[in-house]
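# Structural overview
Listed below, chain by chain, are the residues.
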Amino acid sequence: MATWKQIETSREIRLWISQIVMPAATFAAAAMAIPEVRHAVTAKAKSIKASVDKKFKKD
């Protein structure tokens, strides 16, 4: 049997998912459907990856 604290935690998680995670995921999916946005995100991700690689390859 679930305790009151577990029930409250489950309720809070459900609220986070329904009010924050789902709208953010929907917005991201809609934004990624636009080719210009997708290319900009890809370019930024590649530049961040290159920057991280450069920092770790310093001798």
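Not measured: the values here are computed from a predicted model. (Residues numbered from 1 in each chain as written. Predicted model: local features only at pLDDT ≥ 70, side-chain atom pairs only at ≥ 80, totals over all residues. Heavy atoms only, no water.)

### Details of the pattern of salt bridges
The final tally for this structure, using the stated rule, is two salt bridges. Here K49 and D53 are joined by a salt bridge, their closest N and O atoms 3.2 Å apart. On the criterion of helical spacing, the pair formed by K49 and D53 is a turn pair, its members being four residues apart in helix 2 (residues 35–56). On the basis of relative accessible area, K49 is assigned to the exposed category, the value being 54%. (Salt bridge = Lys/Arg side-chain N within 4 Å of Asp/Glu carboxyl O. Helix = DSSP H or I, 4+ residues; strand = E, 2+ residues; numbered from the N terminus. Buried < 20%, exposed > 50% of the residue type's maximum accessible area, 1.4 Å probe, protein only.)

### Concerning a nonpolar patch on the surface
A cluster of nonpolar residues, I13, W16, I17, I20, V21 and M22, forms a patch on the protein surface that exposes about 570 Å² of accessible area. Its location among the elements puts I20 in helix 1 (residues 4–32). (Patch = residues over 30% accessible without salt bridge, like charges linked within 9 Å, V, L, I, M, F, W, Y side chains within 5 Å. Areas by Shrake-Rupley, 256 points an atom, 1.4 Å probe, with all protein chains shown as cover.)

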